[in-house]
Amino acid sequence: MRAMVYRGPYKIRVEEKDLPPIEHPNDAIVRVTLAAICGSDLHLYHGMVPDTRVGTTFGHEFIGVVETVGSSVQNLKTGDRVMVPFNVFCGSCFFCARGLYSNCHNVNPNATAVGGIYGYSHTCGGYDGGQSEFVRVPFADVGPTIIPDWMDDEDAVLLTDALATGYFGAQLGDIVEGDVVVVFGAGPVGLFAAKSAWLMGAGRVIVIDHLEYRLDKAQTFAHAETYDFSAYDDIVVHMKKITDHLGADVAIDAVGAEAEGSFLQHLTGAKLKMQAGSPVALNWAIDSVRKGGTVSVMGAYGPMFSAVKFGDAVNKGLTLRMNQCPVKRQWPRLFEHIRNGYLKPSEIVTHRIPLEDIADGYRIFSGKLENCIKPLIVPNAA
Amino acid sequence: MAYTAEKPRLAETSEQLRARIPGWGVDLDPKDRPSVPRERFDPTMSGAHWDFPERQPEHEPRERSNEHKFLTPVFGTACPPRGVSGMMRRYAYNYSEARSAHWLILMVADRVDALESRLRSRVTSARSR
């Protein structure tokens with residue numbers, strides 16, 4: 001089969017690989033029909049995630065058709081059109097029994113601090129991902145769901161991570177009617193978090209980024225008020241000014257490890273890897289939110305230490321909330337929102353790239369070229 | 001403002017926002033939010049039909065965090081450790097996730113892995129010539 005293969009930082013290519021076998025009775029093999037590149041895949045591509053091995057296939061956002069099922073699979077059969085949450089999870093451990101599917105304890109031998117994620121290094125369990133023609137899907141009775149007939153493929157693939165994560169990020173903000181919500185980052189997760197904040201009753205939604213085309217999208221897609229941080233000497237002071245010096249009630253970090261805006265943080269975090277990413281957006285969130293407010297962290301960070309302004313968080317009495325999104329738990333409600341027309345996730349898709357050209361996709365997405373917001377990967381288009 | 005008791009007034013009322021933004025407030029009630037409360041005990045919710053999953057066969061020794069009691073019943077089998085980088089990776093797993101040594105050795109092993117792979121490619125292409 002053809003699959004994207006990691007060769008080292010900034011180096012990927014498409015290679016011929018063996019078809020994945022059934023390794024457990026509850027496995028399924030899925031033929032991928034549509035995948036996506038996630039912003040967090042760029043952290044792998046840039047060599048920021050420990051234990052990312054040469055030969056790994058990335059891709060935790062994908063949908064497909066069931067090709068084969070293991071002997072104990074009861075809920076799926078060959079030919080089913082399925083969407084697969086980015087979390088690999090067992091459904092039965094202490095954490096899964098409480099709905100914390102992203103914190104599953106039975107699928108990642110390499111680390112206890114994170115659950116299993118498709119195509120996201122051995123730190124997340126050593127599973128190959130879906131930027132390929134076929135992928136192994138463990139716990140087929142628990143993770144995948146049959147895509148409803150009325151749902152189109154592009155909406156379905158965005159439900160496997162980006163939309164669910166943005167919606168989850170807004171929930172972690174504990175938004176109440178009339179709250180001022182500021183979202184750092186106008187990438188896919190930030191756009192979905194901003195849009196979701198309205199569903200939860202926000203009274204004002206502000207999006208901060210430095211890419212004009214993304215801020216334009218935040219205005220048109222998410223009805224947000226936007227600010228380009230590069231136009232201000234200090235975006236935190238500006239945030240205070242526009243909120244009558246109170247600060248936002250809720251701040252959402254939808255940027256993560258490669259945030260720009262501070263030369264020192266970007267150099268030591270994103271470039272030199274001396275800390276687990278550059279927490280500029282997280283620090284801005286901490287400083288922009290009001291005392292007693294809530295910071296929701298959706299951005300991805302590495303497992304080592306980061307220079308986070310924890311003292312400010314303590315002194316302001318903030319509530320910090322974060323987790324990888326338990327995707328499947330969000331789906332029933334998000335299905336309703338899509339069906340009712342409140343959300344149309346595929347509106348953020350900007351690129352559709354054949355698998356054979358995936359190296360171009362990573363280059364474009366990583367460089368923020370061609371006004372790229374969300375690139376999809378089409379395995380059978382080559 | 002921050003210096004007096006009242007919250008600053010918003011530019012638009014809830015009624016105006018509801019009229020302008022599709023779906024405004026449909027999840028206003030926390031009961032409609034799927035991750036509220038964060039933990040909801042329901043072992044039947046996921047569809048799992050086992051108490052503890054059957055174990056995946058371990059065909060070759062699988063490295064694991066020393067914070068785990070045992071090898072997890074299911075695991076990824078992509079790219080087993082190999083070469084010098086593989087020895088470094090196995091060594092790194094002697095340290096817990098709490099130790100910087102664990103992650104720093106893995107990061108260096110990643111770079112060694114990329115170098116080894118480049119050398120292997122050169123040898124392979126020289127042989128095929």
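Here's what I pulled together on the structure shown here. (Residues numbered from 1 in each chain as written. Chains lettered and ligands numbered in written order. Predicted model: local features only at pLDDT ≥ 70, side-chain atom pairs only at ≥ 80, totals over all residues.)

1. Points about the overall build of chain A
- Tallying secondary structure elements over chain A gives 11 helices and 17 strands in all.
- The C-alpha radius of gyration computed for chain A amounts to 20 Å, which stays within 12% of the reference 21 Å derived for 382 residues, consistent with globular compactness.
- Along the three orthogonal principal directions, the C-alpha set of chain A runs to about 60 × 45 × 40 Å.
- The 382 residues of chain A split such that 61% are buried.
- Contacts in chain A between residues at least 24 apart in sequence constitute 71% of all its contacts with a sequence separation of at least 6. (Helix = DSSP H or I, 4+ residues; strand = E, 2+ residues; numbered from the N terminus. Rg over C-alpha atoms; globule rule 2.2 N^0.38 Å. Buried ≥ 20, exposed ≤ 12 C-beta atoms within 10 Å, placed from the backbone. Contact = placed C-beta atoms within 7 Å.)

2. Describing the overall build of chain B
- Counting its secondary structure elements, chain B contains 3 helices and 0 strands.
- Ordered by position from the N terminus, the helices and strands of chain B form the series α-α-α.
- Since a compact globule built from 129 residues should have a radius of gyration of about 14 Å, the 27 Å found for chain B marks it as more spread out than a globular shape.
- With the principal axes as the frame, chain B shows a C-alpha extent of 75 × 40 × 35 Å.
- When the 129 residues of chain B are sorted by exposure, 22% land in the buried category.
- Taking contacts inside chain B between residues at least 6 apart in sequence as the whole, the part at least 24 apart equals 35%.

3. Quick notes on unusual backbone geometry
- Here the bond from V36 of chain B into P37 of chain B is cis, since omega is -5°, no more than 30 degrees from zero.
- With respect to the element layout, P37 of chain B can be found in the loop between α1 (14-20) and α2 (83-92).
- One non-glycine residue, D244 of chain A, lies in positive phi territory at about 55°.
- Of note, D244 of chain A is situated in the loop between α6 (235-242) and β13 (248-253).
- Owing to 15 C-beta atoms within 10 Å, D244 of chain A belongs among the partly exposed residues under this scheme.
- Residue E370 of chain A is not a glycine yet carries a positive backbone phi of 55°.

4. Some thoughts on the packing of helix α3 (residues 162-172) of chain A against helix α10 (residues 327-339) of chain A
All names here are of chain A.
- The geometry of α3 relative to α10 is characterised by a closest axis approach of 9 Å and an angle of 90° between their N-to-C directions. Considering their axes alone, α3 and α10 lie roughly perpendicular with respect to each other. The segment α3 lies against α10, with L163, A164, Y167 and F168 engaging V327, Q330 and L334. (Axes fitted to C-alpha atoms, helices over the stretch in contact; angles between N-to-C directions. Parallel < 35°, antiparallel > 145°, perpendicular 65-115°, else oblique.)

5. Considerations on the pairing of strand β11 (residues 204-209) of chain A
All names here are of chain A.
- Summarising burial for β11: 6 of the 6 residues are buried, a large majority.
- The side-chain alternation of β11 yields two buried faces, one formed by R204, I206 and I208 and the other by V205, V207 and D209.
- Between the parallel elements strand β10 (residues 180-184) and β11, the chain passes through helix α4 (residues 188-199) in a crossover that is right-handed.
- Relative to strand β12 (residues 225-228), β11 runs parallel, the two being bridged by 4 bridges. (Right-handed = clockwise from strand over helix to strand, strands pointing away. Pairing = 2+ DSSP bridges.)

6. Structural notes on the environment of S196 of chain A
- With respect to the element layout, S196 of chain A can be found in helix α4.
- Apart from residues lying up to four places away in sequence, S196 of chain A is in contact with G166, Y167 and A170 of chain A.

7. Comments concerning the environment of A231 of chain A
Residue and element names in this part refer to chain A.
- Note on placement: A231 falls in the loop between β12 and α6.
- C-beta crowding within 10 Å serves as the criterion here: with 10 such atoms nearby, A231 is assigned to the exposed category.
- Separated by 175 residues in sequence, A231 and T56 have C-alpha atoms that sit 40 Å apart.

8. Considerations on the nonpolar core
- Counting 132 residues, the largest nonpolar core has V181, F184 and V205 of chain A as its most contacted members.
- The biggest single contributor to this core is α4 of chain A, with 8 residues.
- What V181 of chain A contacts, discounting residues up to four positions off in sequence, is G173, I175, A197, A202, V205, A248, D249, V250 and I252 of chain A.
- Grouped together as the second largest cluster of nonpolar side chains are 6 residues, A92, Y93, I105 and A109 of chain B included. (Core = buried A, V, L, I, M, F, W, Y, C linked by C-beta atoms within 7 Å.)

9. Here's the deal with the interface of chain A and chain B
- Residue-level contacts link 65 residues of chain A with 59 residues of chain B.
- Elements with a minimum of two residues in the side of chain A that touches chain B: β1 (2-8), α3, α4 and α10 of chain A.

10. Regarding α3 of chain A
All names here are of chain A.
- Buried residues dominate α3, accounting for 11 of its 11 residues.
- All buried positions along α3 are accounted for by A162, L163, A164, T165, G166, Y167, F168, G169, A170, Q171 and L172.
- Within two residues after α3, D174 carries a phi angle of roughly 50°, on the positive side.

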